[in-house]
Amino acid sequence: MPRRESFRTSGILVLALAAALGAQGPARPTAQPPADDQILKDAIGAQQSGNTDAAIRGYEKYLAAHPDNPIALSNLGAAYAKNGRYSDAITQYKHALKLQPSNAPVEMNLALAYYKIGEAEEAAPIFEKVHRAAPDQFQPTMLLADCWLAMGKNKQVVELLDPIAQQRADDLGVAYLLGTALVRDNQVERGQVVIDKILRNGDSAEARLLLGTTKLNGNDFAGALEDLSKAVALNPELPDLYSFYGLALLRTGDTKGAAEAFRRELAANPNDFNSNLQLGALLKMDENYDGALPYLNRALQVRPGDLGVRYQLATIEFAQNNVEQARAQLEAIVKESPNFTEAHVTLATVYYRLKLKAEGDRERAIVQRLNAEAQEKQPGAVAK
Amino acid sequence: MKSTRTKSKARLSRRDILTLAAGAGAARLLGADKADAAPVFEEVPPSVSGITWVHENAMSPERYLPETLGPGCAFLDFDNDGWMDIYLVNSGPSDFYKPSQPIRNALYKNNRDGTFTDVTEKAGVSGGTFGMGVAVGDYDNDGWPDIFVTAYGKCILYKNNQDGTFTDVTKKAGLETPGWTTSAVWFDYDNDGHLDLFLCSFVDYGTTEHMSCGDNKLGRHYYCIPRVFRGTASYLYHNNGDGTFTQVQKGTDIEKSLGKGLGVVATDINNDGLMDLFVANDTVQNFLYVNRGKDKNGKWQFEEMALAAEVGYSDGGRARSGMGVDAADVFNSGYQDLFVANVDQEMFSLYRNQKNETFRDVAHANGVAQSTRLLSGWGLKFFDYDNDGAVDLILSNGHPDDMIENYSAQVHYKEPILLFHQEDGKLRDVSAESGPAFSKSWSARGLASGDFNNDGLIDILIATNGGAPVLLKNRCGAGNNWLGLKLQGVKCNRDAIGAKIRWSAGGVVRSRLKNNGGSYLSSHDPREVLGVGKADKIDWVEITWPQPSGKVRRIENPPLNRYIAVSEA
C-alpha cells in the first residue's frame, strides 16, 4: 500500500513552526455592496472567534456571488485547513493565487497545506521561493529543509542548514534535521558531531521521538518501541508522538495498546492521517466496519485521493457485500495505480464474486505478472 | 572524541545513532516466566519417555535451504496394539550433504507405560534420504498403517508387513517422485474406497549447483528467502487399488498451479462429499483445490479457486509465506474453516467458511492475528484439548533464519508455542496460563496430535529443527467426559477419511469431518476423540461413512471415557 509516513516522520520537529505559520488571520474586506459586505464581515468575525464552520458557510455564501474575491478565497482556504480539509484549502489558495500571483502569505499557506498532507514535492518549490525571497525567515527555511529531507535531497539539506547551524548552535530543530541529513548522506562522522550536540542536552522526548521514528523506518520495531516509550514518559503531549508510538506497538504485537495510542493521538489531533488510517484498518480487521469508516473517511479527507485509504474503503464495501461499489472503487484505483498489486488481488476476487470469470482471470494474470516482477527484483541469485 | 563523555548523561550513545542509521537493533527483552498454575501440557523429557533421537539439520556454512525446513513427525499405531507409536523424520545424504555419521529416521514403539522403545532397525524404516515429512495411511486397506516419507531427493513408501516390519515399495508402487516434496496427505478424492496421495512440491532448487543468496550483514551465507526460486507443480497420485499408483495431475489445475507448497490439508469445504485440498505456499498465493468430480471427458478435475474464495492472499491482498495449515468446523457451523500460518509480521489467518465457497479472515477478531504477529508458524492443529466439545488450537513456531536475532531485536530463532482455547465462540490465547512449556522456545517444525497414553486427552508431539522432539503430555484437569472412536472403513477407505461424525450430548449436537493431513510435514493419531463437557452421557453418535457406501451408522448411548472401534460393515 502506498505510504508517506517517512515525510511525516521527518516533519515532526517543524510541525510546531508550521502550525504557527498556518494560523494566518483572515484578511479584511475591501468595499462591497452593503449586504454582501456584511456576510463577509460576519464570516471573518466567526473565523476570528473560532467558529470555523460558520465562517466556512459565510465565505461559501459570499463567494457564490463574488467568486473571484481573493480575500474570501484565501480566508476560506484557511478555514478549510483549520478543519483538516486541506485539499479544499489548496483549491481556494490556488484560485486566490491566480488572481494575486505575488501574494506571499497565500503562497505560504498553500505550501503549508501541501506540507500538512505530506505532499513534500508540491510544498518544497513554494517554500524554496519564499526562502529565496526572504532568506532570513527561519520557518520557511526549516520547512524547506524538512521537505527536502523527505525527498531524499540530503545534500541540499546540509547546504541549506550548515550556515544556519552555526548561527543557531543551540537550536535542536536545526540540529535534528542537519544531523539526520548528514547520517543519511553517509557523512556519519559529521552527523555524529551534530547529534552528540543534541545528546548533550540530555534525554528528551524530541530526541527519543527522532530515534524511535528513524528505527521504525529501519524496521527495528523493538528498538523504536523502546525509544518511543521513553518519549511518552518524558512528554506525552509532543505532537505526533502517539501516532508513531502506536505504530511501534502495532509492529511489536500489542494491537490493543496501538489502538489506544492512535485514539490518544486523535484526541489531540483529529486530522492525524496515520492514526486515522491505522485505527480504521484495525477496526476493519475486527469486522467493525461502522467503527472503521469514520476514521478512514477522515484520513481520506486529510489526504484526498490517497490510494491506501481508498483501498481500505473498497475492501469494506466488499466485506459488506456492496460488491458493485467495491468494483467501481477498485477499478478506479488500479486505473490510477496499475502496479497496485493488492488492489488487483481484491478486484480479481470481486470479479469472481460477480461471476465475471474472464475479468477475474485477467486480474489474476496481472497479479501473477506483478508478483513475478517483484520477485525478480529480490536480492539473491537468479534461479538457474 | 569528547562527545563520548556525554553518553551517560544523555543515556544515548553514538552507537545508538549508528545502529539506527543501519536499521538494526540490539536490545532484546527477556520473556517473563509465566504461569504458576498446574500445567495443561507437561513436557515429557527424553529421560522419562526414552525418546533419545535428535534431529540432524545438517546446517552448513553455505546454508542450503533444505536444512532449515525439516522435520516432520507422526503418531501412528504401527503394530495395531491400540497404543500410539511415534515416527520421526531425519535428514540424510543428499547432493549437498554427506553425513559424517550415519543418520536415520526413528520409529518408537509405545511401551504402554509412558515410555517408548526405538525399533527402527527391526522395522526397517530408517530412511536414508534427506527426509522432510511423513504421512501415514492404510493405502492397501489391510488394516495396518503404512508410512510415506517425503524428502529433498527421494520419497519412500514403507508398506506395513503386519509383523512389526516394513518394506520399501516406492518403486513398485510407482511413487518415485523427483524434486523436493514436503507435506503429503492421503485422501480418497474419487471415493473409490482407496486412499490417493497428494504431494506438495516445494521449489525448483536446481540440480547440482544450489542457490546462494550471498552474504548477510554478518558476512555469512544465509537461508535464501524462497522468493528467489521458481515454483513447482504438486503431485496427485491415484491409487489403482492393486498396490500401485498413477500420477494424474496432468491436465488439472494442480498441474497448472506453480506453487511452493509446504502444508496441505484434505477437507470438504462445500459439503458435497468430495474431498478438497487447501495448500499453503511460501511467498506465493495459497491454493484451494475444490474437487469438481469428473468432467465431460471423464477426467477428474480440481478447480483452483483460492483467489475467488479469499484464502489465497492476506486480507490486504498480499501473498505471504504460508507454511502450516489445518481445517475444522471451528465454529460449529457445519462447514469447514481453514487456517494458515505465515512468517513474522504477516500474521496467521483463520478463515471462517461463509458457506458459499468463500471465506473471511477472522484471525484478528479471535486474537490469533495479534498473538502471531512476531511469530513464524509451522506445525499446528485444531483439536479439543479439554474435551469441552469446542475446537481449540495449538501453534508451533520458529524462525527459519538461524541468524535472525542479529538483524531483528523482536524476532527470535526459537519461538514459543501458543495454545488457544475456544470460549463463547471465540478463540482466546491461553498460553500464559497453560504451563512452563509455553514459556520455553523451540525451533519447531512438524507437529502431530495423538493420545499416547489413552486417557482421552490429546497429547502433542513437536519435531524441532536440529533438536530433540518435544513430547507434551496433556494434563488438562477439566474433568470433561469423552468418547474415542476408531473408525474402520470396509467399502470406503479403511481409514474412513471423509467420514462425518455427529454426536448429541447435554442438549448440544456437534459434528466433525474426518479430515486428513493438516499441520506441517506431520501425521496424527487417526482416532477421533469426541468431547462432551460435563454431560454424563452421550445420547447418540452418528457416522456417515464416505462413498462409495455412504452408509449411516447410529449408535445410541455409547459408553463414556473409553475408545471403541466402529466398523462400516
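Let us look at the overall build of chain A. Within chain A, the secondary structure is distributed over 21 helices and zero strands. Going through the 384 residues of chain A one by one, you find that 54% of them count as buried. In chain A, of all internal contacts separated by at least 6 residues, the share reaching a separation of at least 24 is 50%. Accessible area for chain A stands at about 16,400 Å²; split by element, carbon and sulfur atoms hold 51% of it.

Using the criterion set out here, one finds 45 salt bridges over all chains in the structure. In this structure, Glu287(A) engages Arg360(B) in a salt bridge whose closest nitrogen and oxygen atoms are separated by 3.7 Å. Of this pair, Glu287(A) sits in the loop between helix 16 (273-285) and helix 17 (289-302) while Arg360(B) sits in strand 21 (residues 359-361), which puts the two residues in different chains. Looking at Glu287(A), the relative accessible area reads 23%, which means it is partly exposed. Its salt-bridge partner being Arg353(A), residue Glu310(B) comes within 2.4 Å of it at the nearest N-O pair. Separated into two different chains, Glu310(B) in the loop between helix 7 (306-309) and strand 18 (325-328) and Arg353(A) in helix 20 (residues 341-353) make up a pair that spans both. Looking at Glu310(B), the relative accessible area reads 27%, which means it is partly exposed. Within this structure, Asp79(B), Asp81(B), Lys109(B) and Arg112(B) form a network of salt bridges that share partners.

All right, on to the environment of Asn83(A) then. When you line up the elements, Asn83(A) lands in the loop between helix 4 (70-82) and helix 5 (86-99). When the C-alpha atoms of Asn83(A) and Ala374(A) are compared, they prove to be 40 Å apart, with 291 residues separating the residues in sequence.

The subject of this paragraph is helix 21 (residues 357-376) of chain A. Between its first and last C-alpha atoms helix 21 of chain A spans 28 Å; for 20 residues at 1.5 Å apiece the expected length is 28 Å, and the two agree. For helix 21 of chain A, the full list of buried residues reads Gly360(A), Glu363(A), Arg364(A), Ile366(A), Val367(A), Leu370(A) and Gln375(A). Across the axial projection of helix 21 of chain A, the buried residues extend over an arc of 165°, all falling on one side. Turned more than 90 degrees away from the buried face of helix 21 of chain A, the exposed residues are Ala358(A) and Glu376(A). Those residues of helix 21 of chain A that are buried are in contact with helix 20 of chain A together with strand 17 (300-304) and helix 7 of chain B.

What follows covers the side chain of Asp306(A). Along the chain, Asp306(A) turns up in the loop between helix 17 and helix 18 (307-319). Reaching out from Asp306(A), the side chain makes a polar contact with the backbone nitrogen of Gly308(A) at a distance of 3.0 Å.

This part is about the packing of helix 19 (residues 323-336) of chain A against helix 20 of chain A. All names here are of chain A. As a packed pair, helix 19 and helix 20 sit with axes 9 Å apart at the nearest point and diverge in direction by 145°. Crossing hand, helix 19 versus helix 20: left-handed. Along the contact surface, helix 19 presents Val323, Ala326, Arg327, Leu330, Glu331, Ile333 and Val334, while helix 20 presents Ala343, His344, Thr346, Leu347, Val350, Tyr351 and Arg353. Partitioned by chemical class, the residues of the contact of helix 19 with helix 20 number nine nonpolar, two polar and three charged.

All names here are of chain B. Where burial is concerned, most of strand 11 (residues 196-201) is hidden: six out of the six residues are buried. Sheet topology note: the strand 10 (residues 181-187)/strand 11 ladder contains five bridges and is antiparallel. Considered in strand 11, the bridge of Phe187 is made with Asp196. Looking at chain direction, strand 11 and strand 12 (residues 235-239) are connected through three bridges and run antiparallel. Within strand 12, the position partnered with Leu197 by the bridge is Tyr237.

So, on to the confidence of the model for chain A. When pLDDT is averaged along chain A, the result is 84, and 88% of the positions lie at 70 or above. Across residues 1-24 of chain A the pLDDT falls below 50, and counting only partners more than four positions away or on other chains, this stretch makes 74 contacts in the model.

About the cut-offs
- Residues numbered from 1 in each chain as written.
- Chains lettered and ligands numbered in written order.
- Predicted model: local features only at pLDDT ≥ 70, side-chain atom pairs only at ≥ 80, totals over all residues.
- Heavy atoms only, no water.
- Helix = DSSP H or I, 4+ residues; strand = E, 2+ residues; numbered from the N terminus.
- Buried < 20%, exposed > 50% of the residue type's maximum accessible area, 1.4 Å probe, protein only.
- Contact = heavy atoms within 4.5 Å.
- Areas by Shrake-Rupley, 256 points an atom, 1.4 Å probe, with all protein chains shown as cover.
- Salt bridge = Lys/Arg side-chain N within 4 Å of Asp/Glu carboxyl O.
- Expected span 1.5 Å × (residues − 1).
- Arc of directions from axis to C-beta.
- Polar contact = N/O pair within 3.5 Å; in protein donor to acceptor, adjacent residues only side chain to side chain.
- Axes fitted to C-alpha atoms, helices over the stretch in contact; angles between N-to-C directions.
- Left-handed = near helix turned anticlockwise from the far one by under 90°.
- Nonpolar A, V, L, I, M, F, W, Y, C, P; charged D, E, K, R; others polar.
- Pairing = 2+ DSSP bridges.
- pLDDT = per-residue confidence, 0-100.

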